[in-house]
Amino acid sequence: MKLLILSDVACDLIEVLKSCGAEVTCVTLAGALHVQLACYDAYCVIAQGDTLDARVRARLEEECDKGKRIFTSALNSWRYIYSAPPVNTTRSRLICLDPTGGEELPFAEGDLLDDESNLVIKPWVMPEGAVQLLVYQDHIVAHDHTKMSREEILADSIPGMWLLDDNTLMCSFRIHNFNRARFAPRERWQALISWIAKWLTGAEPACFPAPVVRYGVEADLTAPESFESCRADAVERGMKWLDRFLIDEGQGGILEGMNHNINPEGVQTVAKAVRADCSGEAAGAYRFYAYLHDNEKAAGKAANLESFCHDTMQVKGGLFDGMMRWTTDAWGVCYGDDVARAVLGELLTDHLIGRHERFDAVCAALDFLVKTTAKDGVRVSRTDCIRYNAESLAALAEVEHCSYSAHHNAYYAAVLLLAYLDGGKAAYLDTAGRCLETLMSVYPDTTIEHSQTQEAARLILPLALLYEATGEEKHKDLLYRVAQDLQKRRYPCGGYAEWDEHYAAHYSRDSRDECSLLTENGDPVADLLYTCNWLPVGFAYAWYVTKDPWFYELWEDIARFCMRTQNASDNPKNDGSWCRAFDMERMEAYACPHDAGWAAYASESGWTNAEILMGLMLPDVMKKAGKI
């Protein structure tokens, strides 16, 4: 058969259609004016929300009146359908419908497909008799399949793909670069594209374009030599990824990383915020790398980032003396947890290696946090300078109780304990001890931000440090209790699934702001922004403190998971990084995309990448320092 493709761009869909065995001719939308349309058996129109030249359209509709098949993508007007201006699909999802008269799709009704940050044009009116195959709905609370009824699926939906008649298949969104734009889940999209190709050409595609991002390594990570070589490679690639986001070699900090949003052409948005926490965490990764490899360039980048945190982002003098600013935009905001992670790498190297270059500045940041902490050792999540005077700031320390959230307080306690172990300041041990004992008095029913799994993962490092600082068996027991609870959520690939017993998380399910990846307990979803990313450092440090080989085995296990989930890509902005979300059954980045800023494909330079990199290197740092 002869297939004519009208498109102004080369794209993934054309590549697939060319592999179906048809004789394919490609012309631009304008170039079709000079083509003998009658010479072709089928047609594919790949538009960008455009309308065909009326002369082409009239002739093409005549050919389709003869029974020839046509597939259109984001074509504004065809037959008596025309559409509204494009809207973004970032937090909308496509739902499959089981057609009642058309040709069946290779899915069950209710199956979900995500097209990332796409554009869709909504037809003003859908003709009677059109068979809807895919529709968009906002904010679907489901991982990969919704249990909504057909009526609920269709209510207030936007048509995504439909059979207008027996020989006309229309798509309202830009499907042409499904691979470059990383539509997910990958296997489901390939099945859909195969179905479209066969519907149009009568034959299955012979090939698909290679994925623009692959995940993990194929080596046997249970073999010690493979484990070590792959771990070294993961660190090298991860450090190169960090390099690409440094500002003036770290003197201006580091960019936040990559946002979730990927446009229809496959371009992912860079997260351009400059944050103290990301900068300090990246400094920790560079400091570890410099120590292990005697690398002066890495040491220089670490020093630049530490200088940025303390000389630029830290308040000197006055009411807010010592306060570390959140971001270069949120200049007067301080999150205790973010400050903690900004200084974690410095304090770990101070404690393990014996380096104390900026210990006084770190302690100034901690002193500000301590004096704004409630009597139970738990600090309010954030303070905004604009809201406080001397009296109201001092009043924070007179509050009896605060929010019992490990998300906001566990790493605050951890860095207090590290500073106590090196500096001996009793107030740090006292505050951290009260904080962790308060949290554990209500555990596992802490105040949850994203999931119970997240809360438990946050507690491993600080509880290990509490045991190191006190040597008390009751604190050791708390560490083992949380670590053993985590094992209930472990998947065979080494990751830990999100779980929330009562769906009580602040950002759970129905949130329209930040949003948990968890839609239902049992989802095979790992979160590398809020949960699994803390475990490489946590398990390694627990092994160091307890000398229990079980914790080393847990570290090896989570390290394998990190190696299995690291991005591999020809695109340097992706290669060597980790995405927030990972489906541990499909083994690809995928989860509900509802988070307002940090959804499935987001990749934080600090929270995710630097934390994992520090964790992958930490046992080697301990060994070189003679601690193990």
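Bear in mind the structure is a predicted one, so any value in this text is a computation, not a measurement.

Caption draft 1: Examining the layout of surface pockets more closely. Considered as a void within the structure, the largest pocket measures approximately 380 Å³ in volume. In terms of lining, the largest pocket is formed by 19 residues, of which the most central are Tyr335, His407, His408, Tyr507 and Glu514. Taken together, the elements giving at least two residues each to the lining of the largest pocket come down to helix 8 (336-353) and helix 11 (406-423). Each residue belonging to the lining of the largest pocket can be placed in one class, and the counts come to 7 nonpolar, 4 polar and 8 charged. Taken together, 13 residues line the second largest pocket, and the ones lying closest to its centre are Tyr443, Pro444, Gln452, Asp485 and Arg489.

Caption draft 2: Quick look at empty space enclosed by the protein. Considering all chains together, one arrives at 5 cavities of 30 Å³ or more under this definition. A volume near 130 Å³ is recorded for the largest cavity. In terms of lining residues, the largest cavity is bounded by 14 residues, among which Phe178, Asn179, Arg182, Phe183 and Arg186 are the most central. If one sorts the elements of the lining of the largest cavity by residue count, helix 4 (residues 186-201) sits on top with 3 residues. In terms of residue class, the lining of the largest cavity is made up of 9 nonpolar, 2 polar and 3 charged.

Caption draft 3: The packing of aromatic side chains, seen in detail. Per the counting criterion, the structure on display carries 20 aromatic pairs. Centre to centre, the rings of phenylalanine 183 and tryptophan 189 are 4.6 Å apart; their planes meet at 55°, and the pair counts as tilted. Side by side, phenylalanine 183 and tryptophan 189 carry an identical accessibility label, which is buried. Seen from the ring of tryptophan 607, arginine 341 lies directly overhead, with NZ or CZ sitting 3.8 Å from the centre. Just above the ring of tryptophan 499 sits the side chain of arginine 489; from NZ or CZ to the centre is 4.0 Å.

What counts and how
Residues numbered from 1 in each chain as written. Predicted model: local features only at pLDDT ≥ 70, side-chain atom pairs only at ≥ 80, totals over all residues. Heavy atoms only, no water. 1 Å grid on protein atoms, 1.4 Å probe; cavity = no way out; pocket = protein on both sides within 12 Å on 5 of 7 lines; lining within 4 Å. Points joined across faces, edges and corners; volume = space filled by probe spheres on them. Helix = DSSP H or I, 4+ residues; strand = E, 2+ residues; numbered from the N terminus. Nonpolar A, V, L, I, M, F, W, Y, C, P; charged D, E, K, R; others polar. Phe/Tyr/Trp six-rings, centres within 6.5 Å; stacked < 30°, edge-to-face > 60°. Buried < 20%, exposed > 50% of the residue type's maximum accessible area, 1.4 Å probe, protein only. Lys NZ or Arg CZ within 6 Å of the ring centre and 35° of its normal.

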